[in-house]
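Survey of secondary and tertiary structure
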Amino acid sequence: MTTASTLPDFRNLGVWLRVLLLAQALRLVHAVLDWPSAQPWWEQLVQQSVRFDPPLLATVLLLYLLQPLLARTRYRRGLVLVLCLAALVAALWHVAVEQGLGLALAGSVAHSASVALLLAGALLFYFDWRQQRLSPALADARLAALQARIRPHFLFNSLNSVLALLRTQPQQAEAVLQDLADLYRALLSDARTLVPLAQELALARAYIEIETVRLGPQRLRMQWRTEHAPLHALVPPLLLQPLLENAVRYGVEPAPEGADVSLEAYLEGAELRLFVRNSLVPHGAAAPAPSGGNHMALGNIRERLQLHFDADAQIKRYHTDREHVVLVRLPLRWG
């Protein structure tokens, strides 16, 4: 499935770095391939800096200022706007250098504008290619989570729990079925759009309610530290549930006495921070056979964070003396 193309977020630090580094790399390649025999390529590179670097930085700054407008503009119109802006800035700088500073630049104003146009087109092509390459992670996330939900032992145990509750606690049995329905509904939704944190927390609670019925509250000791969570902040869908599933599978299930699991969400400046913690498996307890599922879930979430937030988001896991921790950091976006 092909994802609809969108312009990069020009207020994203990762986009800035990629634009600047790739532009310089292309300029370096051009200088090496096109330098005259009488002049070393590095001297040509330095001389072209006056012509190249100021309009590049000015264009990036203008795109930063125009980002709210570009975000509301259709892709093709935005594409034309970015290309025209890059060419216009290069042309104006060429005129300013020759007439204002009295320096002679090789080529004409049209040449400078066309070079900027080609460079901007190459960079936009790269960002579109990168988006198309990472976008399968969104579909893969839904498929992986759906396969996990249909995993025989989970589905069998959930339905078995419902059957056990039907006669004695019919209302709780109905609640478990409702939680299962909520999980499937979320898994079948569009994974390409961001959703409010409140929706992700509701899905996480539905999953934990099912597992609590199966394992018992004595084994799955869940703590919710979300009283300061920004519920309207936008996050990728299926972000919290896979992390909690890993905590249950690798922290709670192998421990006969159970384990503590916690989910914490709060703001740190303009950044949303999410922590999922679980107690470490005691020595001697039988752990599940390594299947790579833990790393696959984290890798998929990492790819989706890169697609939505680029370098502004991060996921990492680490151990303390007593617990396994997964930290997700992502920029604050409001719904």
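First, a word on scope: everything that follows refers to the structure included in this document. (Residues numbered from 1 in each chain as written. Predicted model: local features only at pLDDT ≥ 70, side-chain atom pairs only at ≥ 80, totals over all residues. Heavy atoms only, no water.)

Quick word on a nonpolar patch on the surface
Residues Leu61, Leu62, Tyr64 and Leu65 make up a contiguous nonpolar surface patch of about 350 Å² in total accessible area. With respect to the helices and strands, the residue Tyr64 is situated in helix H2 (residues 41–71). Residue Tyr64 is classed as partly exposed on the basis of its relative accessible area of 34%. (Patch = residues over 30% accessible without salt bridge, like charges linked within 9 Å, V, L, I, M, F, W, Y side chains within 5 Å. Areas by Shrake-Rupley, 256 points an atom, 1.4 Å probe, with all protein chains shown as cover. Salt bridge = Lys/Arg side-chain N within 4 Å of Asp/Glu carboxyl O. Helix = DSSP H or I, 4+ residues; strand = E, 2+ residues; numbered from the N terminus. Buried < 20%, exposed > 50% of the residue type's maximum accessible area, 1.4 Å probe, protein only.)

As for the packing of helix H8 (residues 197–215) against helix H9 (residues 240–252)
Two elements in contact, H8 and H9, have axes whose closest approach is 9 Å; the angle formed by their N-to-C orientations is 25°. By the angle between their directions, the pair H8 and H9 is classed as roughly parallel. The crossing of H8 and H9 is right-handed. Between H8, through Leu197, Glu200, Leu201, Leu203, Ala204, Tyr207, Ile208, Glu211, Arg214 and Leu215, and H9, the contact on the second element is made entirely by Leu240, Gln241, Leu244, Glu245, Val248 and Val252. In the contact of H8 with H9, the residues fall into 11 nonpolar, one polar and four charged. (Axes fitted to C-alpha atoms, helices over the stretch in contact; angles between N-to-C directions. Parallel < 35°, antiparallel > 145°, perpendicular 65-115°, else oblique. Left-handed = near helix turned anticlockwise from the far one by under 90°. Contact = heavy atoms within 4.5 Å. Nonpolar A, V, L, I, M, F, W, Y, C, P; charged D, E, K, R; others polar.)

Considerations on unusual backbone geometry
Backbone geometry places Leu238, a non-glycine residue, at a positive phi of 55°. One can find Leu238 in the loop between strand E3 (234–235) and H9. Phi at Asp310 is positive, roughly 55°, even though this residue is not glycine. Turning to its location among the elements, Asp310 is positioned in the loop between helix H10 (293–309) and strand E6 (314–319).

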